[in-house]
Amino acid sequence: MTRLQPTPFAQRQWFPSNSPASGSNSIRFQTIHKKPAPRHAPRQLDTNLAAAAGNDGLTATHKVGRMNKLLQNVNLAGTSLFLQILGSNQSLALPHVTVPDISWVDWAALKAAGFKVCIFDKDNTLCKPFELAVSPALLPSFTACRSAFGGNVVLYSNSAGLQQYDPDGAEAAALEAAFEVQVLRHKDKKPAGGCEELQQQFKCEPHEMVFVGDRYLTDVVFGNRHGMLTIRVAPLTSRGEPPTVAAARMVEDACVRRWSAAGMKAPLQQLLPHDQCSRLVKQQQQLECSTQEQKHQQQHGQDR
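Everything numeric here is computed off the predicted structure, so don't read it as measured data.

Right, let's talk about the overall build of the protein for a bit. Tallying secondary structure elements over the protein gives 10 helices and eight strands in all. Looking at the protein residue by residue over its 304 residues, the buried ones come to 42%. Sequence-distant contacts, at least 24 apart, represent 67% of the contacts inside the protein between residues at least 6 apart. Looking at the protein as shown, the accessible area adds up to about 16,900 Å², and 54% of this sits on carbon and sulfur atoms.

In structure tokens form, the structure reads like this:
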């Protein structure tokens, strides 16, 4: 018997009832499976993911691991705490000092005020996300901080050094080698958790510590909860941030702008009253900013 040709829209062959291939006296069809399309090579996949991250300074494998970790880094404890702040103590989200970046901070003045430890967030505070070196423009200031505080400078990350994501401390050790400062080993994500690890490591009280970071939700809230001086810097870039972080940042910024406009201030700090916080900003840069503002106003007036 002659076999019928398969239909163009399906990978099937039909056999008449008396065909030996049918195996029965009824009409049936047999599905013919094509070989699956070849998968991309793992190296190519890793390269594509790394390119999407925009992290040219690291190997593809390392970048993919970072992206996976960030995708896991949904800070439920931090979100819950921020929701509580929305309805109660909004001042916890307000920093004592706000500067464009760390180069505006007078580290010698901080040390003279009685502070003993400087704690830094990493991504978007010292460097762009995923990078393993301080941004060149910030390196002189970071070096000045290390000179003022000696060995009492530490990175506090929600990935490196965190027991949940870095149980063996391998990532923390890599950061220590790259930044030449300590990376705190800890069990809780900012802003949740206590300050015990920091107190044990540096033998001082929380009000003698300074926390520097770009996030209101994590860095500022954590520092204020424990009585630290909080310095908030503008993020270095928005490129490479996971969507959850970008969305959270928009909400944080909007809330802080509203609360600041209503006259709210950061919690009182034991070593430095509010009216003295401005002296932590370099006077020369304050003068330059003021001069630029005056020029802008003059130019604006001439345009009118």
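With that settled, the discussion passes to helix 9 (residues 243-261). Taking 1.5 Å as the rise per residue, helix 9 with 19 residues should run 27 Å; its terminal C-alpha atoms sit 27 Å apart, in good agreement. Turning to helix 9, its buried residues are Val 245, Arg 249, Glu 252, Cys 255, Val 256 and Trp 259. Buried residues of helix 9, viewed axially, fall in a sector of 140 degrees; they line one side. Those residues of helix 9 that are exposed and aimed more than 90 degrees away from the buried face are Pro 243, Met 250, Arg 257, Arg 258 and Ala 261.

Pairing between the strands of a sheet is mediated by backbone hydrogen bonds and can be parallel or antiparallel. The six strands are arranged 3-8-7-4-5-6 in an open sheet whose pairing can be described as parallel. Since the sheet does not close on itself, it has two edges, and those belong to strand 3 (97-99) and strand 6 (182-183), each with one partner. Bridging between strand 5 (residues 153-155) and strand 6 involves two bridges; their strand directions are parallel. For Val 154, the partnering residue across the bridge sits in strand 6 and is Gln 182.

The next subject is the nonpolar core. The nonpolar side chains of a soluble globular protein tend to be buried, and buried together. Judged by nonpolar contacts, the single largest core of 36 residues is most densely connected at Ile 102, Trp 107, Leu 110, Phe 120, Leu 229 and Ile 231. For this core, the secondary-structure elements that each account for two or more residues are strand 3, helix 4 (107-112), strand 4 (117-120), helix 5 (139-149), strand 5, helix 6 (170-179), strand 7 (209-213) and strand 8 (229-233). When sequence neighbours within four positions are dropped, the list of residues in contact with Phe 120 reads Ile 102, Trp 107, Thr 125, Leu 126, Phe 142, Cys 145, Val 153, Val 154, Leu 155, Tyr 156 and Val 212. One finds Leu 81, Ala 93, Leu 217 and Trp 259 within the second-largest nonpolar core, a separate group that totals 14 residues.

What follows is about the pairing of strand 4. Side-chain alternation along strand 4 places Val 117 and Ile 119 on one buried face and Cys 118 and Phe 120 on a second face that is also buried. The pairing of strand 4 with strand 7 spans four bridges and is parallel. Paired with Phe 120 across the bridge in strand 7 is Val 212. Sheet topology note: the strand 4/strand 5 ladder contains three bridges and is parallel. Across the sheet, residue Phe 120 finds its bridge partner in strand 5, namely Leu 155. Running through helix 5, the crossover from strand 4 to the neighbouring parallel element strand 5 is right-handed.

Pro 191 follows Lys 190 through a cis peptide bond whose omega is 5 degrees. Assignment of secondary structure puts Pro 191 in the loop between strand 6 and helix 7 (196-202). A positive phi angle, near 80 degrees, is found at Phe 130, a position not held by glycine. Mapped onto the fold, Phe 130 is located in the loop between strand 4 and helix 5.

Now for the side chain of Arg 215. Examined against the element boundaries, Arg 215 turns out to sit in the loop between strand 7 and helix 8 (216-225). Not counting chain neighbours up to four residues away, the residues in contact with Arg 215 comprise Val 220, Val 245, Ala 248, Arg 249 and Glu 252.

With that out of the way, let us pick up helix 8. Judged by how many residues are buried, helix 8 sits mostly within the fold: nine of 10 residues are covered. Taken together, the buried positions of helix 8 are Tyr 216, Leu 217, Thr 218, Asp 219, Val 220, Val 221, Phe 222, Gly 223 and Asn 224. Directly beyond the C-terminal end of helix 8, a positive phi value near 85 degrees is found at Gly 227.

Calculation notes
- Here, residues in each chain are numbered from 1, in the same order as that chain's written sequence.
- Whole-chain, interface and lining totals are the exception, using all residues; otherwise, since this is a predicted model, local features are given only for residues with pLDDT of at least 70 and side-chain atom pairs are given and counted only at 80 or more.
- The side-chain numbers reported here are obtained from all heavy atoms of the structure, hydrogens and water having been left aside.
- The numbering of helices and of strands both runs from the N terminus, where a helix is a DSSP run of H or I of at least 4 residues and a strand a run of E of at least 2.
- We call a residue buried when its accessible area falls under 20% of the maximum for its residue type, exposed when it is over 50%, and partly exposed in between, using a 1.4 Å probe and counting protein chains only.
- Residues count as neighbours in contact if any of their non-hydrogen atoms are within 4.5 Å of one another.
- All accessibility values rest on the Shrake-Rupley procedure with a 1.4 Å probe; residue burial counts only the protein chains present in the view.
- Expected helix span is given by 1.5 Å per residue-to-residue step, counting one fewer step than there are residues.
- By definition, the arc is the one covered by directions from the helix axis to the C-beta atoms.
- What makes two strands pair is DSSP finding at least two bridges between them.
- Each nonpolar core is a collection of buried residues, namely Ala, Val, Leu, Ile, Met, Phe, Trp, Tyr and Cys, held together in the definition by side-chain atoms within 4.5 Å.
- For a crossover, the right-handed case is the one in which the path from the first strand over the helix to the second runs clockwise, viewed with the strands pointing away from the viewer.

Read these as spatial facts, not as claims about activity.
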